[in-house]
Amino acid sequence: MLDEMRRTNSRRWGPYHRAGQPAGSGAGAGAGAVDRLSALPDALLHHITSFLKAWEVVPTCVLARRWRHLWASAPCIDLRVRHSSFRDANPPEEFCDFVDSLFLHRDASASVDTLRLRSSDDYVGFDEKDTNAWIRTAISRKARVIHLVGHRKGIASLDRVPFVSCHLKILKLSYARLDDRILGQLSSSCKSLEEMDLKDCLVTGPGIVSTSLKTLIMLKCTFNWDFSITAPNLVLLRLITPSVRVPSFTNFGSLVTGTIILDDSLLCDDFGYISDEDNFDETTDDDNHNDDKRENYKFGFGYGFPEGRYGHSHYKDNYDYGSDIDSDDNTYEYSEIANDAKYGYKGAKLSSQDGKYGGNSGRNYSKILGGHNMLESLSTATSLELLTDAGEVVLTRELKRCPTFSNLKTLSLGEWCMAADFDALILLLQHSPNIKRLFLQLKLNFGMRKALETGIKLERRSFTCKDLRMVKIKCSKDDGRVHTLAHMFSANGIPLQCIYVRRSGNAHLRGQKFMRELGKQELDECGDDWM
């Protein structure tokens, strides 16, 4: 492709005139006679081409003389092939030759700012060895951003890539393996690394130490060894559902925003990674390459069953559940729904013994590893999200050494802090004196059949949050704990008009429907063999 482009004679881009038609006449005359696009500065034209694939950027050299060499200094090289898409032009047949020639004929003085690529692609004929070579070339050309998109069917190896660069600032990896060598190089030889985004990665090294790292995102990563993170200048942390072990944190003195979401069922040494090919498609080439796919893999009614497997039965459900089952009402002030008879058990407390809160299914989590000093390391944050289900082990364990969150202004909590008379919730509020906004996400399990008509005991369980001016509770319509919470906040000086409730559908009805559909699904799968 590159050779063909060089042999093509370029001509100035201008209006087309039919034979016999004078210049400047006809529709569009005047406006179409000026090549305004070519008058833009190089930086803006390079920004425009950054949205194109590399094999789409190269042919722009024939647009006009102004464009002849722009491709050779384009700072962004996007080599990701999007299959079954009409958005992109078809990639070159000899893909490896094209990429090698692209790097060879680039302007030697122009750095590669951003490289985006896949770990391998059988369709266009390149493998991990080629990928490793292209990443090495980009790093040698002072790459600032490396974005590698892997495949769920296999973990990509980066054994041939030396991560030694004073220019690398952003590293995004998915379905890749980070061993001791790579983590050591990122710690000692990438002194400008500011952002690391890991998704579905396998981490086999002991940890990372970085004084430059400011943003760290780890989504659904597997940690086979005790893993520690030391990042004194880290500003943003997102740890979402790690597997096998929970990373441990040290020296997060600059942290501003933290998000922790844990699933105890994924933790312990005996956990095995399961890839469900029926529920996941191949990765896309967007920056949030598989986020949409993950969002679509929701659990049936929030109770731990994949909706794709259990949510669709051949049998028609003729039960009339009413409009409450799927309704999602607007947000109300608590005072507006305090006496709503349909809302549930007023003033009731649900016991954790009455159900499992959709959580741990009776498993023993005494061997859950990692997560040491988690809350202590998060104590400087101004915004925290601790969103896990009831019965969560790590955060509950770390509460025994609960620090004071002096800077905390916004706190979001999940079901895990609602058990045992809201002990965890009250303890966190006692250690968050300057909090302004509190968000609670309650998850009522359909297995709970009764509510205890007793209120919580407030003796020696008070808290003082003089700046707390908004409490927003998200719960189902039949979750009576919202009234107990409102009473508790009111008793601690929080006006009822500062408490807001967002109501979702009736959890008990959804549970009934779910169990019926589950039984029907089993009949669908068994067919006549069950008799």
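Described below are features of the structure shown in this document.

Rules of the game
- Residues numbered from 1 in each chain as written.
- Predicted model: local features only at pLDDT ≥ 70, side-chain atom pairs only at ≥ 80, totals over all residues.
- Heavy atoms only, no water.
- Helix = DSSP H or I, 4+ residues; strand = E, 2+ residues; numbered from the N terminus.
- Buried < 20%, exposed > 50% of the residue type's maximum accessible area, 1.4 Å probe, protein only.
- Contact = heavy atoms within 4.5 Å.
- Areas by Shrake-Rupley, 256 points an atom, 1.4 Å probe, with all protein chains shown as cover.
- Patch = residues over 30% accessible without salt bridge, like charges linked within 9 Å, V, L, I, M, F, W, Y side chains within 5 Å.
- Salt bridge = Lys/Arg side-chain N within 4 Å of Asp/Glu carboxyl O.
- Lys, Arg positive; Asp, Glu negative; His and termini not counted.
- Charge placed at Lys NZ, Arg CZ, Asp CG, Glu CD.
- Pairing = 2+ DSSP bridges.
- Axes fitted to C-alpha atoms, helices over the stretch in contact; angles between N-to-C directions.
- Parallel < 35°, antiparallel > 145°, perpendicular 65-115°, else oblique.

Here we take up the overall build of the protein chain. Counting its secondary structure elements, the protein chain contains 14 helices and 22 strands. Expressed as a percentage of its 531 residues, the buried residues of the protein chain come to 49%. Across the protein chain, the fraction of contacts at a sequence separation of at least 24, relative to all contacts at a separation of at least 6, is 69%. As displayed, the protein chain offers around 26100 Å² of accessible surface, 50% of which is attributable to carbon and sulfur atoms.

Judged by side-chain charge, Glu93, Glu94, Asp97 and Asp100 come together as a negatively charged surface patch. On the secondary structure map, aspartate 97 appears in helix 4 (residues 95-105).

With that settled, consider the sheet that holds strand 11 (residues 228-230). Taken in spatial order, the three strands line up as 8-11-14 in an open sheet, and their pairing is parallel. Only two strands of the sheet have a single neighbouring strand rather than two, namely strand 8 (207-209) and strand 14 (248-250). Neighbour to neighbour, the strand axes of the sheet diverge by 15° on average, direction disregarded. Relative to strand 14, strand 11 runs parallel, the two sharing three bridges. In the sheet register, isoleucine 229 faces strand 14, and the bridge partner there is phenylalanine 249.

Moving on, we get to the packing of helix 4 against helix 5 (residues 128-140). Contact geometry of helix 4 with helix 5 gives a least axis separation of 11 Å together with a crossing angle of 10°. The pairing of helix 4 with helix 5 is recorded here as roughly parallel in orientation. Residues Phe95, Cys96, Val99, Asp100 and Phe103 of helix 4 touch helix 5, and the partners they reach there are Asp130, Trp134 and Thr137.

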